[in-house]
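# Descriptive structure summary
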Amino acid sequence: MKEIKAFIRASKTESVLEELGNLGIDGITLGEVMGFGALADLRSARYSISAVKRYSKLTKLEIVCSDRDVHAIVEALRETAYSGQPGDGIIFVSELDMAVKIRTGATGDQDFAIKREGT
Amino acid sequence: MKEIKAFIRASKTESVLEELGNLGIDGITLGEVMGFGALADLRSARYSISAVKRYSKLTKLEIVCSDRDVHAIVEALRETAYSGQPGDGIIFVSELDMAVKIRTGATGDQDFAIKREGT
Amino acid sequence: MKEIKAFIRASKTESVLEELGNLGIDGITLGEVMGFGALADLRSARYSISAVKRYSKLTKLEIVCSDRDVHAIVEALRETAYSGQPGDGIIFVSELDMAVKIRTGATGDQDFAIKREGT
């Protein structure tokens, strides 16, 4: 099982969620963070409280998925989050020891896989 | 050392924190996120800004712990976060290379273990 | 590639960001969370909604970096986030399978390394 985290432009949130829904990905969490340095788009960056650093609003997505779906999800994220301007964000992939659905207790890699026709 | 992340119903936050406190778990962080898809409880889901996707408010907990305590913590989370309705959330466990307490510099697995009587 | 997460006192945010900028670290995200237990500074802790648990406001930083830079970044975080009082926070380091810059597609360890003179 893998965890995918993506830090994307806040303005891309809607189209990314739409595309992940189309892919059949179920179970996405979304939070709001600030991006500094290469993660700020200086054309529209804001000043933080201290006025020392500029930042951009980013959306952080967290997705748990089957190993076999990592590539498709990363590609979908890259295509829909891309603007070509600095500040488009980063995607991380890491290994999970375990994921458990609280209601059902399901822990299998297939329990977190994208449902495909005929599977 | 392990990291446990739990995405739970916002309404279960208090009872989960209480139970983790009873277990002797020290050092929990809590943030607020939105859950989509299987992480939304459609009985009470809200519409996002775009009105395309419905979401539920979730609480995200992050806990660093000793390897030996993973099972007890996951069980406590599952029991206290469970409602039996869709949208109860997910728990992830992953391996940490290292954890450091900023004040003391402590990095040992035992420094993050639940203190038990006689240990 | 490594991911470094730091949960630090909110009041240390500015000096930590400044120091990470001086080190040449590019691409930091910042979010706000609540810290309970050992992560609360009881001198200034607030009561949560339920008035059962006290918490402190923490800043959560996430940084992706080259393996070779982990030590320098962890040291910089520890030095600048330190106050010597309980509630100074924790730093986690974990392994990433992959990190991808959305705009450029860059995925190499060196693409996330601190740029040094002569490199």
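The next thing to look at is the overall build of chain A. Within chain A, the regular secondary structure consists of two helices and six strands. If you list the helices and strands of chain A from N to C, you get β-α-β-β-β-α-β-β. In terms of principal-axis extent, the alpha carbons of chain A reach across some 50 × 25 × 20 Å. Counting every position in chain A, which comprises 119 residues, the buried fraction comes to 55%. Once local pairs closer than 6 in sequence are excluded, the contacts in chain A between residues at least 24 apart make up 74%. For chain A, the exposed surface amounts to about 5,300 Å²; the carbon and sulfur share of it is 48%. Positive and negative side-chain charges of chain A, numbering 16 and 18 respectively, have mean locations separated by a distance of 8 Å.

Applying the stated rule across the entire model yields six aromatic pairs over all chains. Centre to centre, the rings of Phe7(A) and Phe92(A) are 5.7 Å apart; their planes meet at 65°, and the pair counts as edge-to-face. Taken as a pair, Phe7(A) in strand β1 (residues 2-9) and Phe92(A) in strand β5 (residues 89-95) lie far apart in primary sequence, 85 residues in all. For Phe7(A), a relative accessible area of 1% gives the class buried. By relative accessible area, which is 4% here, Phe92(A) ends up buried. One residue, Lys101(B), lies across the ring of Phe112(B), its end atom 5.0 Å from the ring centre.

It is worth spelling out the relation of the copies chain C and chain B at this point. Between the two chain copies there is a screw-like relation: a rotation about an axis and a shift along it. Placing chain C over chain B gives an RMSD of 0.0 Å and needs a rotation angle of 120°, together with 0.0 Å of translation along the axis. On the angle and the small slide along the axis, the relation comes out as a three-fold axis. Interface overlap between copies: only 9% of the residues of chain C at the interface are likewise at the interface in chain B, consistent with a contact formed by different surfaces.

Between side chains of opposite charge, a pair can form when the charged atoms approach closely. Residues and elements named next belong to chain C. Evaluation of the coordinates by the stated rule reveals 24 salt bridges over all chains. Across the salt bridge formed by Arg9 and Asp41, the nearest N and O atoms sit 2.9 Å from each other. Linking Arg9 in strand β1 (residues 2-9) with Asp41 in the loop between β2 (28-36) and β3 (46-47), this pair joins segments that are 32 residues apart in sequence. By the burial criterion, Arg9 is buried, and Asp41 matches it. With a closest N to O distance of 3.4 Å, Arg68 and Asp69 form a salt bridge.

Counting residues at the interface gives 27 residues for chain A, matched by 32 residues for chain B. Both faces combined, the contact of chain A with chain B buries some 2,300 Å², and carbon together with sulfur accounts for 61% of it. Counting the surface chain A buries against chain B, the share from its top three residues, Asp97(A), Ile102(A) and Arg103(A), is 30%. Ionic pairing is found between Lys5(B) and Glu3(A), a salt bridge with its closest N-O pair at 2.5 Å. At the level of secondary structure, the elements contributing two or more residues to the side of chain A that touches chain B comprise β1, α1 (13-23), β2 (28-36), β4 (54-65) and β6 (98-101) of chain A. Of the residues that constitute the side of chain A that touches chain B, the class distribution is ten nonpolar, six polar and eleven charged.

Conventions adopted
Residue numbers run consecutively from 1 along every chain, following the written order of its sequence. Chain letters and ligand numbers both follow the written order, the letters beginning at A and the numbers at 1. Two thresholds apply to this predicted model, a pLDDT of at least 70 for residue-level local features and 80 or more for giving and counting side-chain atom pairs, whereas whole-chain, interface and lining totals are computed over all residues. With hydrogens and water set aside, each side-chain value is computed from the structure's full complement of heavy atoms. We count a stretch as a helix when DSSP gives it H or I for four or more residues in a row; a strand needs E for two or more, and each element gets its number in order from the N terminus. When a residue's accessible area, from a 1.4 Å probe over protein chains only, is under 20% of the maximum for its type it is buried; when over 50% it is exposed; and in between it is partly exposed. By definition in these notes, contact holds between two residues if any of their heavy atoms fall within 4.5 Å. Note that accessible areas follow from Shrake-Rupley with a 1.4 Å probe, and for residues the cover is restricted to the protein chains shown. Residues scored as positive are Lys and Arg, those scored as negative are Asp and Glu, and His as well as the terminal groups of each chain are ignored. Working definition for charges: the position is that of NZ of Lys, CZ of Arg, CG of Asp or CD of Glu. In this analysis, rings of Phe, Tyr and Trp, with Trp reduced to its six-membered ring, are considered paired at centre separations within 6.5 Å, and the interplanar angle assigns stacked below 30 degrees, edge-to-face beyond 60, and tilted for intermediate values. In this scheme, the term charge over a ring applies when either NZ of a lysine or CZ of an arginine sits within 6 Å of the ring centre and within 35 degrees of the ring normal. Only residues with pLDDT of at least 70 in both copies count here: their C-alpha atoms drive the least-squares fit that superposes the copies. Note on definitions: salt bridges are taken to be side-chain nitrogens of Lys or Arg within 4 Å of carboxyl oxygens of Asp or Glu. Buried area is a sum: the accessible area each of two parts loses on coming together, probed at 1.4 Å, counted once for each and added. Each residue gets one of three labels, nonpolar for Ala, Val, Leu, Ile, Met, Phe, Trp, Tyr, Cys and Pro, charged for Asp, Glu, Lys and Arg, and polar for the others, Gly among them.

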